[in-house]
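# Remarks on the overall topology
Listed below, chain by chain, are the residues.
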Amino acid sequence: RLVLLTSLPYFVRHVGPAAVSKIVPLLKEGCEDTSDEIMAASYRALAACVPIVGGDAICSHRQTTVFDSLMVGSSAPLNLFLFA
């Protein structure tokens, strides 16, 4: 299963949206696996599916804009090195 999960981002763009929609529920199950490696690979595979089926098919809750720009407040740019 791990080989399929790690390979999915390389070939998923060659599969149609209908086929990708069928595997999304299986990938979501992998996100709750007890293995950290399977869980991480499942999240990466889901991320690769977003451009094909859209975020609504991946996330079951209502989507909102979280990151609109890299500005804090209205004037100072966000210093990304604060999080390093």
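This one's a predicted model, so the numbers in the text were calculated from it and none came from an experiment.

## Observations concerning the packing of helix α2 (residues 17-30) against helix α3 (residues 36-53)
Two numbers describe how α2 lies on α3: the axes approach to 9 Å, and their chain directions differ by 155 degrees. With respect to α3, the element α2 is oriented roughly antiparallel. Our pair here, α2 against α3, has a crossing hand that is left-handed. Each of Pro17, Val20, Ser21, Val24, Leu27, Lys28 and Gly30 in α2 lies in contact with α3, whose residues at this interface are Ile38, Met39, Ser42, Ala45, Leu46, Cys49, Ile52 and Val53.

## Looking at α2
Each full turn of the α-helix corresponds to 3.6 residues, which orients residues three or four apart in the same direction. In this model α2 runs 20 Å from its N-terminal to its C-terminal C-alpha over 14 residues, within 8% of the 20 Å that 1.5 Å per residue would give. Val20, Val24, Leu27 and Gly30 are the residues of α2 that are buried. At its buried positions, α2 is contacted by α1 (2-11), α3 and α4 (55-58).

## Observations regarding the nonpolar core
Counting 15 residues, the largest nonpolar core has Leu27 and Cys49 as its most contacted members. Listed by contribution, the elements that provide at least two residues to this core are α1, α2 and α3. No other element matches the seven residues that α3 contributes to this core. Setting aside residues no more than four positions away along its own chain, Leu27 makes contact with Leu5, Leu8, Ser42, Ala45, Leu46 and Cys49.

## Observations regarding the layout of surface pockets
Considering only enclosed or pocket space, the largest pocket measures out at about 210 Å³ in volume. At the level of secondary structure, the elements contributing two or more residues to the lining of the largest pocket comprise α1 and α2. In the lining of the largest pocket, the residues fall into ten nonpolar, no polar and one charged.

## Here we look at the confidence of the model for the protein chain
Any region with low pLDDT has predicted coordinates that should not be read closely. On average, residues of the protein chain score 83 in pLDDT, and 73% of them reach the 70 mark or higher. Per-residue pLDDT, averaged within each element of the protein chain, yields its smallest value for strand β1 (residues 71-72) (54) and its largest for α3 (94).

## A closer look at α3
The end-to-end C-alpha distance of α3 is 25 Å, a good match for the 26 Å that 18 residues give at a rise of 1.5 Å each. Taken together, the buried positions of α3 are Ile38, Ala41, Ser42, Ala45, Leu46, Ala48, Cys49 and Val53. Contacts from the buried residues of α3 go to α1, α2 and α4. Looking one or two residues beyond α3, the residue adopting positive phi is Gly54, at roughly 90 degrees.

## A word on the environment of Ser7
Here Ser7 lies in helix α1. The exposure class assigned to Ser7 is partly exposed, which follows from its relative accessible area of 27%. In sequence terms Ser7 and Ala45 are 38 residues apart; their C-alpha atoms lie 8.4 Å from each other. Among the polar contacts made by the side chain of Ser7, one reaches the main-chain carbonyl oxygen of Val3 at a distance of 2.8 Å.

What counts, and where the lines are drawn
Residues numbered from 1 in each chain as written. Predicted model: local features only at pLDDT ≥ 70, side-chain atom pairs only at ≥ 80, totals over all residues. Heavy atoms only, no water. Axes fitted to C-alpha atoms, helices over the stretch in contact; angles between N-to-C directions. Helix = DSSP H or I, 4+ residues; strand = E, 2+ residues; numbered from the N terminus. Parallel < 35°, antiparallel > 145°, perpendicular 65-115°, else oblique. Left-handed = near helix turned anticlockwise from the far one by under 90°. Contact = heavy atoms within 4.5 Å. Expected span 1.5 Å × (residues − 1). Buried < 20%, exposed > 50% of the residue type's maximum accessible area, 1.4 Å probe, protein only. Core = buried A, V, L, I, M, F, W, Y, C linked by side-chain atoms within 4.5 Å. 1 Å grid on protein atoms, 1.4 Å probe; cavity = no way out; pocket = protein on both sides within 12 Å on 5 of 7 lines; lining within 4 Å. Points joined across faces, edges and corners; volume = space filled by probe spheres on them. Nonpolar A, V, L, I, M, F, W, Y, C, P; charged D, E, K, R; others polar. pLDDT = per-residue confidence, 0-100. Polar contact = N/O pair within 3.5 Å; in protein donor to acceptor, adjacent residues only side chain to side chain.

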